[in-house]
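Letter by letter, the chains look like this.
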Amino acid sequence: MTVTTTRAAAHEPAEQPKDEIGASEFIRKYPSYDGRGIIVGVFDTGVDPGAPGLQTTSDGKPKMIDLVDCTGSGDVDTSKETELEADGTLKGLSGRSLTVPAEWPDRAAGTKYRLGLKRAFELYPRPLVARVKAERRRRHDETQRAVAEEERRKAALGPLPTAEGEAGRKGAELAASVSALDACDKAYEDGGPVYDVLTYKDESGVWRVCVDTSERGALGEAALLAPFRVEGKYGTLDAADAASGAETLCNFAVEVAADGARTTLCVDAGSHGTHVAGIIGAHFPDAPELNGIAPGCQIVGFKIGDTRLDGMETGTALVRALGAAIERGVHIINLSFGEYAKVDDIGRFTAAANLAVHKHGLLFVTSAGNNGPALSTGGAPGTSSCCIAVGAYCSSAMMGPQYSLRAKLADIQYTWSSRGPTYDGHLNVSVSAPGGAIAPVPNWTLQGRQRMSGTSSWKCLGSV
């Protein structure tokens with residue numbers, strides 16, 4: 001699902017700072033030099049392909065060209081093979097009967113359907129899990145309360161459990177029903193939706209994936225997707241008949257590996273990655289003041305923040321992302337993650353990043369870190385020699401629209417922005433850029449745009 005942003009009466013340029021780094025003036029002079037022809041790899045929590053501003057580039061191309069989950073958190077085991085029954089159905093791993101629409105593309109000769117199962121709460125970002133649980137609990141309580149009140153009414157008007165004969169047995173049964181309902185309410189635990197996943201290769205050789213978001217086996221109501229890089233389409237983890245206000249608006253893309261034995265559902269682990277992508281390259285044709293630094297660039301979203309770890313990155317995911325970026329022809333990498341490093345310019349990922357930069361010609365821009373203001377507080381990989389490490393400052397123009405200051409102050413470095421030098425004496429922080437913006441966030445946040453702040457590799461990357 002795509003969310004559109006309605007134009008407000010006015011937006012201040014400092015909501016999405018560009019003047020501070022000269023980007024606005026540069027694009028006014030050279031309007032076609034706005035990132036066109038450049039592919040940016042965003043190493044982050046993942047990117048929502050339906051978020052406002054991330055649909056097209058300034059020259060009409062698709063903004064998002066691929067979504068890659070490098071964490072494994074969206075993987076689904078689809079090694080189980082099955083055949084279609086004569087009535088056009090098959091039994092999913094949930095036990096549900098899945099109806100395969102006749103209009104779907106035919107399977108490739110000699111292949112079978114592959115089945116998988118995935119819990120929605122293993123896919124949703126943690127804030128979305130909390131919202132969905134609250135909504136489901138509210139609806140549960142409404143139904144439970146009505147049933148419990150009716151049973152209590154019957155028990156109050158019915159015979160006492162101490163009565164003799166059939167009347168006593170009836171009274172005891174009513175009292176037991178009330179007790180059972182109360183016990184069930186106390187023991188309530190929501191496991192969340194559980195989705196059947198169906199994967200197959202069609203007669204043209206393209207892998208197809210359907211997630212039964214209906215939870216009724218009605219596959220015709222769900223999206224049939226190819227890998228995002230093939231067709232650029234994505235689905236939403238909502239049933240077609242979801243009640244108003246109960247929609248997750250959580251978008252996902254798919255990938256298939258191991259000859260169909262592994263299907264990946266790429267769902268962002270948090271809002272940070274979409275926000276970063278919007279700062280770098282958002283394009284709002286009707287509100288250009290909301291554009292990112294390089295509205296002409298295209299973006300590949302690499303999810304390196306693991307949903308199972310609440311969006312924390314892993315070394316394995318980072319190394320996988322570097323390999324995938326090289327395969328996909330990425331020109332510039334943005335990594336707005338980092339960890340405190342006491343030993344500089346060393347480690348598996350640093351070695352891989354050096355290879356990507358010096359052998360394959362990628363530019364690698366990363367955050368200096370958020371551990372300031374003390375000296376030598378830079379984070380890896382910003383402390384390595386292959387990266388442009390970027391600190392964060394707040395311009396005078398940002399202080400009003402972003403922080404509601406009545407009196408503007410002089411430009412100032414954020415206190416939390418890490419400082420150099422590295423422990424081995426190198427500069428560490430290469431440059432500083434505006435460290436806050438009001439930019440697009442995933443649809444599941446229900447916000448459209450949001451202010452975030454941090455060490456600003458994304459601002460520097462856009463200008464690069």
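Everything here concerns the structure above.
A brief look at the structure comes next. None of the values given here were measured: they were computed from a predicted structure.

Observations regarding the sheet that holds strand E10 (residues 224-225)
Item 1. Judged by pairing direction, the sheet is antiparallel, and its 5 strands sit side by side in the order E4-E7-E8-E9-E10 without closing on themselves. The two strands at the open ends of the sheet, each matched to only one other strand, are strand E4 (80-82) and E10.
Item 2. For strand E9 (residues 207-211) and E10, the ladder comprises 2 bridges, and the chain directions are antiparallel. By the bridge assignment, valine 209 is partnered in E10 with leucine 225.

What to know about unusual backbone geometry
Item 1. The step from glycine 372 to proline 373 runs through a cis peptide bond, and the omega angle for that step is 10°.
Item 2. Structurally, proline 373 is set in the loop between strand E19 (363-367) and strand E20 (379-380).
Item 3. Going from alanine 380 to proline 381, the amide bond is cis rather than trans, its omega being 5°.
Item 4. Position of proline 381 among the secondary structure elements: in the loop between E20 and strand E21 (388-394).
Item 5. Of note in this structure, aspartate 310 is not a glycine but carries a positive phi near 60°.
Item 6. For aspartate 310, the position within the fold is in the loop between strand E15 (305-306) and strand E16 (312-313).

Focus: the layout of surface pockets
Item 1. Here the largest pocket defines a volume of roughly 450 Å³.
Item 2. Forming the walls of the largest pocket are 25 residues, and the residues nearest its centre are His272, Ser336, Phe337, Gly338 and Asn370.
Item 3. Secondary-structure elements contributing two or more residues to the lining of the largest pocket are helix H5 (272-281), E16, strand E18 (339-340), E20 and strand E25 (449-453).
Item 4. Here the lining of the largest pocket takes 4 residues from H5, the largest share from any one element.
Item 5. Taken together, the residues of the lining of the largest pocket sort by class into 9 nonpolar, 14 polar and 2 charged.

A few points about the nonpolar core
Item 1. Phe43, Phe302, Ile304, Leu322, Ile333, Leu335 and Phe364 are the most contacted members of the largest nonpolar core, which totals 26 residues.
Item 2. Listed by contribution, the elements that provide at least two residues to this core are strand E1 (39-44), strand E14 (298-303), helix H6 (315-327), strand E17 (332-335) and helix H7 (348-358).

Some thoughts on the packing of aromatic side chains
Item 1. As enumerated under the stated definition, the model contains 10 aromatic pairs in all.
Item 2. Relative to phenylalanine 364, the ring of phenylalanine 43 has its centre 6.4 Å away and its plane inclined at 75°; by these criteria the two rings are edge-to-face. Of this pair, phenylalanine 43 sits in strand E1 while phenylalanine 364 sits in strand E19, and the two are 321 residues apart along the sequence. Of the two residues, phenylalanine 43 and phenylalanine 364, neither departs from the other in class, the shared state being buried.
Item 3. Here phenylalanine 121 and tyrosine 124 contribute two aromatic rings whose centre-to-centre distance is 5.8 Å and whose plane-to-plane angle is 55°, an arrangement assigned as tilted.
Item 4. Judged by relative accessible area, which is 13%, phenylalanine 121 ranks as buried.
Item 5. The rings of Phe43, Phe302, Phe349 and Phe364 are connected pair by pair, giving a single aromatic cluster.

Concerning the pairing of E1
Item 1. Counted residue by residue, E1 has 6 buried out of 6 residues, so it is predominantly covered.
Item 2. Here E1 shows two buried faces, one formed by Ile39, Gly41 and Phe43 and the other by Val40, Val42 and Asp44.
Item 3. Bridge count for E1 against E14 is 6 bridges, and the pairing is parallel. Looking across to E14, one finds that valine 42 is bridged to glycine 301.

What to know about the sheet that holds strand E12 (residues 251-257)
Item 1. In space, the 4 strands of this open sheet follow the order E3-E13-E12-E11, with antiparallel pairing throughout. Whereas interior strands pair on both sides, the edge strands pair on one side only; in this sheet they are strand E3 (75-77) and strand E11 (235-236).

Some details on the environment of asparagine 291
Item 1. Mapped onto the secondary structure, asparagine 291 falls in the loop between H5 and E14.
Item 2. Sequence separation between asparagine 291 and aspartate 59 is 232 residues; the distance between their C-alpha atoms is 13 Å.
Item 3. There is a polar contact of 2.6 Å between the side chain of asparagine 291 and the backbone nitrogen of phenylalanine 284.

So, the side chain of glutamate 313
Item 1. On the secondary structure map, glutamate 313 appears in strand E16.
Item 2. For the buried residue glutamate 313, which engages in no salt bridge, the nearest side chain bearing the opposite charge is arginine 348, 13 Å off.
Item 3. Residues contacting glutamate 313, with those up to four places away along its chain left out, are Ile304, Gly305, Leu318, Phe337, Gly338 and Glu339.

Topic: helix H3 (residues 165-186)
Item 1. The end-to-end C-alpha separation of H3 is 32 Å, in line with the 32 Å expected for 22 residues at 1.5 Å each.
Item 2. Among the residues of H3, Gly168, Gly171, Leu174, Val178 and Leu181 are the ones counted as buried. The buried residues of H3 occupy one face: seen down the axis, they fall within an arc of 155°. Looking at H3, the residues exposed on the side facing more than 90 degrees away from the buried face are Glu166, Arg169 and Glu173.
Item 3. Residues of H3 that are buried in the fold lie against helix H2 (126-157).

Considerations on the pattern of salt bridges
Item 1. The tally for this structure, following the rule as stated, stands at 28 salt bridges.
Item 2. Arginine 126 is paired through a salt bridge with aspartate 310; the nearest N and O atoms lie 3.5 Å apart. With a gap of 184 residues between them, arginine 126 in helix H2 and aspartate 310 in the loop between E15 and E16 connect regions that are remote in the sequence.
Item 3. Salt-bridge contacts for aspartate 185 lead to arginine 137; the nearest nitrogen and oxygen are separated by 3.3 Å. Here aspartate 185 is found in helix H3, whereas its partner arginine 137 is found in helix H2, with 48 residues between them in sequence.
Item 4. Classification of aspartate 185 by relative accessible area gives partly exposed; the value is 28%.
Item 5. Members of the salt-bridge network, linked through shared partners, are Glu135, Arg138, Arg139 and Glu142.

Overview of a nonpolar patch on the surface
Item 1. Taken together, the side chains of Phe26, Tyr30 and Tyr33 make up a nonpolar region of the molecular surface, amounting to roughly 360 Å² of accessible area.
Item 2. Within the fold, phenylalanine 26 resides in helix H1 (residues 23-29).

Calculation criteria
- Residues numbered from 1 in each chain as written.
- Predicted model: local features only at pLDDT ≥ 70, side-chain atom pairs only at ≥ 80, totals over all residues.
- Heavy atoms only, no water.
- Pairing = 2+ DSSP bridges.
- Helix = DSSP H or I, 4+ residues; strand = E, 2+ residues; numbered from the N terminus.
- 1 Å grid on protein atoms, 1.4 Å probe; cavity = no way out; pocket = protein on both sides within 12 Å on 5 of 7 lines; lining within 4 Å.
- Points joined across faces, edges and corners; volume = space filled by probe spheres on them.
- Nonpolar A, V, L, I, M, F, W, Y, C, P; charged D, E, K, R; others polar.
- Core = buried A, V, L, I, M, F, W, Y, C linked by side-chain atoms within 4.5 Å.
- Buried < 20%, exposed > 50% of the residue type's maximum accessible area, 1.4 Å probe, protein only.
- Phe/Tyr/Trp six-rings, centres within 6.5 Å; stacked < 30°, edge-to-face > 60°.
- Polar contact = N/O pair within 3.5 Å; in protein donor to acceptor, adjacent residues only side chain to side chain.
- Lys, Arg positive; Asp, Glu negative; His and termini not counted.
- Salt bridge = Lys/Arg side-chain N within 4 Å of Asp/Glu carboxyl O.
- Contact = heavy atoms within 4.5 Å.
- Expected span 1.5 Å × (residues − 1).
- Arc of directions from axis to C-beta.
- Patch = residues over 30% accessible without salt bridge, like charges linked within 9 Å, V, L, I, M, F, W, Y side chains within 5 Å.
- Areas by Shrake-Rupley, 256 points an atom, 1.4 Å probe, with all protein chains shown as cover.

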